[in-house]
Amino acid sequence: MIFDTHAHYDDAQFDADREALLESLNTHGIGRVVNIGANIESTKSSVALAEKYPFIYAAAGVHPSDAGQLNEDVYQWLKTLTAHEKVVAIGEIGLDYYWEKEADVRANQREWFVRQLELARECGLPVSIHSRDAAKDTLDIVKGHGRDVGGVVHCFSYGVELAREYLNMGYYIGVGGVVTFNNAKSIKEVVDYAPMDRIVIETDCPYLAPVPHRGKRNSSLNLPYVVSAISQIKGISPEEVEAITWKNGMDLYRMADASRQ
Ligand SMILES: [Zn+2]
């Protein structure tokens with residue numbers, strides 16, 4: 001079975017066929033999905049999906065692009081959600097300097113990234129980190145405030161040097177459709193470099209569909225292409241990639257405890 005550690009099935013692109021698609025996942029070898037909150041609305045939807053489907057879990061958090069939504073009330077609301085039995089992470093949180101160029105907006109992203117890292121530490125949950133064009137500031141903040149928190153850098157888009165830093169702090173590397181792209185040299189190098197027990201698989205669907213479906217709506221059904229790409233780089237069978245990344249997903253989200261399954 002494949003563990004999709006990062007999905008957005010609440011996205012409007014799934015409105016027409018969400019139920020049928022989700023109900024088909026298990027028969028296609030997708031055993032578990034963590035649906036990731038990115039703002040107030042999608043955190044609510046993620047929890048609702050997790051309550052409806054036994055194999056779906058939720059992450060609660062606010063993405064840097066929506067950091068403007070955050071205030072003390074929202075923070076307290078996120079904190080109460082961490083007690084929900086199917087909320088397994090804080091995320092996605094982080095920095096996105098690709099979309100945000102304004103200094104004060106970036107400063108606000110940093111402030112709430114730190115706060116949400118501290119929330120994760122307080123509640124004993126891992127984090128799902130989003131970082132785009134913000135390599136140095138993300139690393140500085142995780143080193144300063146998230147060293148002992150643990151989690152995953154999702155859709156890892158930096159090089160081996162940065163991967164080493166996160167691996168040294170105990171973080172997992174999130175690998176998705178990009179690893180199948182011909183021009184994606186950097187993530188292929190990172191997959192080659194990272195120990196197999198620190199790689200987790202994700203779709204980030206509806207985004208980032210792997211080749212041969214690049215550019216189309218993505219879903220967990222495409223994950224065998226990601227498994228295959230990793231198996232080629234690592235020189236192990238797809239079955240081994242599935243088994244190891246399944247265990248990694250369970251470890252990342254601390255699901256070993258039977259009461260959480
Ligand atoms: Zn995402």
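The structure under discussion appears in the preceding block.
Please read all numbers here as calculations on a predicted model, not as lab measurements.

*Asks:* Mind laying out the coordination of the zinc ion, listing which residues take part and the relevant values?
*Replies:* Every protein donor of the zinc ion is listed here as His6 (NE2), His8 (NE2), Glu92 (OE) and Asp204 (OD), and their distances to the metal cover 2.1 to 2.3 Å. Seen from the zinc ion, its four donor atoms lie at angles of 87 to 171°, and the figure they make is irregular. Mapped onto the polypeptide sequence, the residues donating to the zinc ion form the spacing pattern H-x1-H-x83-E-x111-D. Of this pair, histidine 6 sits in strand 1 (residues 2-7) while aspartate 204 sits in the loop between strand 8 (199-201) and helix 8 (223-234), and the two are 198 residues apart along the sequence. Taking relative accessible area as the criterion, aspartate 204 reaches 10% and is therefore assigned buried.

*Asks:* Before we move on, can you summarise the packing of aromatic side chains with the specific residues and values?
*Replies:* Under the definition given, this model contains nine aromatic pairs. For the ring pair tyrosine 166 and tyrosine 171, a centre distance of 6.2 Å and an interplane angle of 80° mean the geometry is edge-to-face. Ring pairing ties together the aromatic residues Phe156, Tyr158, Tyr166 and Tyr171, which thus form one cluster. Note that lysine 101 overlies the ring of tyrosine 98, its terminal NZ or CZ placed 5.6 Å from the centroid. Stacked on the ring of phenylalanine 181, the Lys or Arg arginine 214 has its end atom at 3.5 Å from the ring centre.

*Asks:* Any details on the side chain of serine 131? Residues and values, ideally.
*Replies:* Tracing the sequence through the fold places serine 131 in strand 5 (residues 127-132). Accessibility expressed as a relative area gives 8% for serine 131, which makes it buried. In terms of polar contacts, serine 131 uses its side chain to reach the side chain of threonine 138, at 2.7 Å. Residue contacts for serine 131: discarding those within four places in its chain leaves Leu95, Thr138, Ser157 and Tyr158.

*Asks:* I'd love a proper account of the side chain of arginine 198, names of residues and values included.
*Replies:* Inspection of the secondary structure puts arginine 198 in the loop between helix 7 (185-193) and strand 8. No salt bridge is formed by the buried arginine 198; its nearest oppositely charged neighbour, aspartate 197, is found at 5.0 Å. Setting aside its immediate chain neighbours within four residues, arginine 198 contacts Tyr166, Leu167, Gly170, Tyr171, Tyr172, Ile173 and Asn248.

*Asks:* Now, about the sheet that holds strand 8: what can you tell me, with residues and values included?
*Replies:* Read across the sheet, eight strands follow the order 1-2-3-4-5-6-7-8 without closing on themselves; strand pairing throughout is parallel. Looking at which strands have only one partner, the edges of the open sheet turn out to be strand 1 and strand 8. Across the sheet, the axes of successive neighbouring strands diverge by a mean angle of 30°, strand direction being ignored. Of the strand pairs in this sheet, strand 1 and strand 2 (residues 30-36) are connected by four bridges, and their pairing is parallel. Residue aspartate 4 lies in a different strand from strand 2, and its bridge partner there is valine 33.

*Asks:* Break down the pattern of salt bridges for me, with residues and values.
*Replies:* Overall, the coordinates contain twelve salt bridges when judged by the stated rule. Salt-bridge contacts for aspartate 137 lead to arginine 110; the nearest nitrogen and oxygen are separated by 3.5 Å. With aspartate 137 in helix 5 (residues 135-145) and arginine 110 in helix 4 (residues 103-123), this pair connects stretches of sequence that are 27 residues apart. Among the salt bridges present, the one from glutamate 189 reaches lysine 185, with a minimum N-O distance of 3.2 Å. With glutamate 189 and lysine 185 both in helix 7 and four residues apart, the pair spans about one turn of that helix. The exposure class of lysine 185 is exposed, given its relative accessible area of 59%.

*Asks:* Which residues make up unusual backbone geometry, and what values go with them?
*Replies:* Here glycine 91 and glutamate 92 are connected by a cis peptide whose omega angle stands at 5°. Along the polypeptide, glutamate 92 turns up in strand 4 (residues 87-96). Geometrically, the link from cysteine 205 to proline 206 is a cis peptide bond, its omega value of 15° lying close to zero. With respect to the helices, strands and loops of the structure, proline 206 is situated in the loop between strand 8 and helix 8. Although it is not a glycine, cysteine 155 sits at a positive phi angle of roughly 45°.

What counts and what doesn't
- Note that residues are indexed from 1 along each chain, following the sequence as it is written.
- Confidence filtering applies because this is a predicted model: local features only for residues at pLDDT of at least 70, side-chain atom pairs given and counted only at 80 or more, and all residues used for totals across whole chains, interfaces and linings.
- With hydrogens and water set aside, each side-chain value is computed from the structure's full complement of heavy atoms.
- We call an atom a donor if it is N, O or S and sits within 2.8 Å of the metal, or 3.2 Å for Na, K and Ca. Water is not counted, so some sites may look partial.
- In short, tetrahedral needs four donors with all angles between 85 and 135 degrees, square planar needs four and octahedral six donors with opposite donors over 155 degrees apart and all other angles between 65 and 115, and whatever is left is irregular.
- Only runs of H or I of at least four residues qualify as helices and only runs of E of at least two qualify as strands under DSSP, and these elements are numbered from the N terminus.
- Exposed residues in this analysis have more than 50% of their type's maximum accessible area, buried residues have under 20%, and partly exposed residues fall in between, with area computed by a 1.4 Å probe over protein chains only.
- Pairing of aromatic rings covers Phe, Tyr and the six-membered ring of Trp, with a centre-to-centre limit of 6.5 Å; geometry is then stacked below 30 degrees between planes, edge-to-face above 60, and tilted otherwise.
- Charge-over-ring contacts are defined here by two conditions on Lys NZ or Arg CZ: a distance within 6 Å of the ring centre and an angle within 35 degrees of the ring normal.
- Identification of polar contacts relies on pairs of N or O atoms within 3.5 Å, with a donor-acceptor requirement for protein atoms, meaning one able to donate a hydrogen and the other able to accept it, and with residues adjacent in sequence counted only if both atoms are side-chain atoms.
- Note on contacts: a residue pair qualifies if any of its non-hydrogen atoms lie within 4.5 Å across the two residues.
- His is not counted, nor are the chain ends, whereas Lys and Arg count as positive and Asp and Glu as negative.
- Any carboxyl oxygen of Asp or Glu within 4 Å of a side-chain nitrogen of Lys or Arg constitutes a salt bridge here.
- Paired strands, in this sense, are two strands between which DSSP finds at least two bridges.
- Under this scheme, a helix contributes an axis fitted over its contacting stretch, all axes are lines through C-alpha atoms, and angles between N-to-C directions fall in the 0 to 180 degree range.

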